[in-house]
Amino acid sequence: MARGEGKGESVAKLANQIAAIKYTLFSFNIVAWIIGAGLFAFSIYIRAEPGIDEWIRLLDIYEYYIGVYILIGAGALVMIFSFLGCCSALMEHSAALYAFIGTQVFLFLATIAGSAIILAYSTTDSSVQPLIRQTMLRFISTSEHPHSSAALKLIQESIGCCGADGPNDYMVMRQPLPTECRDTVTGNAFFHGCVNELTWFLEDKSVWAAVMAMILAAIHTANTVLGIVLVQALKREEEAMYRR
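I will try to describe carefully the structure that is included in this document. Every value quoted in this text rests on a predicted model; they were computed, and no experiment measured them.

### Focus: the pattern of salt bridges
Moving on, step 1. In this structure the tally under the stated criterion is 3 salt bridges.
Moving on, step 2. Put simply, E49 and K205 hold a salt bridge, and the shortest N to O gap is 3.2 Å. You can see E49 sitting in the loop between α1 (3-48) and α2 (52-59) and its partner K205 sitting in helix α8 (residues 194-243), a full 156 residues away along the chain.
Moving on, step 3. Judged by its relative accessible area of 12%, K205 is buried.
Moving on, step 4. For D165, the salt bridge identified is with R133, shortest N-O distance 2.9 Å. Placement of the pair is D165 in the loop between α6 (146-159) and α7 (168-172) and R133 in helix α5 (residues 128-141), with a sequence separation of 32 residues.
Moving on, step 5. According to the relative accessible area criterion, D165 is partly exposed, its value standing at 42%.

### So, the environment of I228
Moving on, step 1. Along the chain, the position of I228 falls in helix α8.
Moving on, step 2. Looking at I228, the relative accessible area reads 41%, which means it is partly exposed.
Moving on, step 3. Between the C-alpha atoms of I228 and F100, which are 128 residues apart in sequence, the distance is 9.9 Å.

### Some remarks on the environment of L90
Moving on, step 1. Its location among the elements puts L90 in helix α3 (residues 63-91).
Moving on, step 2. For L90 and L25, which are 65 residues apart along the polypeptide, the C-alpha to C-alpha distance reads 9.3 Å.
Moving on, step 3. When sequence neighbours within four positions are dropped, the list of residues in contact with L90 reads K22, Y23 and F26.

### Remarks on α2
Moving on, step 1. Regarding α2, the residues found buried are I52, W55, I56, L58 and L59. Along the axis of α2, the buried positions cluster into a sector of 165°, meaning they face one direction only.
Moving on, step 2. One or two residues past the end of α2 sits D60, with phi positive at roughly 55°.

### Here's the deal with the packing of α5 against α6
Moving on, step 1. Contact geometry for α5 and α6: axes closest at 8 Å, N-to-C directions at 125°. Of the possible angle classes, the one that applies to α5 and α6 is oblique. Considering the relative orientation of α5 and α6, their crossing is left-handed. Of the residues in α6, those touching α5 at M136, F139 and I140 are H147, S148, A151, L152, I155 and Q156.
Moving on, step 2. In terms of residue class, the contact of α5 with α6 is made up of 6 nonpolar, 3 polar and no charged.

Here is what the cut-offs are and how they apply
Residues numbered from 1 in each chain as written. Predicted model: local features only at pLDDT ≥ 70, side-chain atom pairs only at ≥ 80, totals over all residues. Heavy atoms only, no water. Salt bridge = Lys/Arg side-chain N within 4 Å of Asp/Glu carboxyl O. Helix = DSSP H or I, 4+ residues; strand = E, 2+ residues; numbered from the N terminus. Buried < 20%, exposed > 50% of the residue type's maximum accessible area, 1.4 Å probe, protein only. Contact = heavy atoms within 4.5 Å. Arc of directions from axis to C-beta. Axes fitted to C-alpha atoms, helices over the stretch in contact; angles between N-to-C directions. Parallel < 35°, antiparallel > 145°, perpendicular 65-115°, else oblique. Left-handed = near helix turned anticlockwise from the far one by under 90°. Nonpolar A, V, L, I, M, F, W, Y, C, P; charged D, E, K, R; others polar.

This is a description of form; function is not addressed.
Structure below.
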């Protein structure tokens, strides 16, 4: 076999590898764009859903929105950078690929941070429960005031709960049990307190957003590795072509 033929086969094999990496990266970016759009839309829905904003304001747990805002921003950036990633991969432009790799590292950190914060302020035994409990007990202790009474009525009627951890909170604080603490059909007091009920309500939504964010984080990791491999392959191809 002639020396030139051996190099030609090597360059052809390298070109096939580059094509495989390039179209795999392209496919991953398409999937990332779809999931990013879903994360963006779902996070907007969480932020704009009627009722949640009122409860967040009354209970003073605005920390929950930090994670939501991060995921909204991450979802929007994923859609933008995934499109740019497709372009940089197809053009085989090394500088654009380096920029793309940088964006993937940033988005990995953003999606991890956003999902961590939203779960830290929306799940059972998380940081949000002491905050809800503290506010609910404050409302109960001052339930004779119109503001506290209205807040308790809104939360307990909407969620179907009673007190912070149950109806006993009213007895301990020597406050009358309000009508909204009772089931309208049976007349019995709601068994569950508002701390758990509100946490379950937030958790049901937050988990879906966190799952999408974690899937994106995995894709960003794969994109980073593929981007680095593609850049190195392009360098080897350029060197092989130069030696010919």
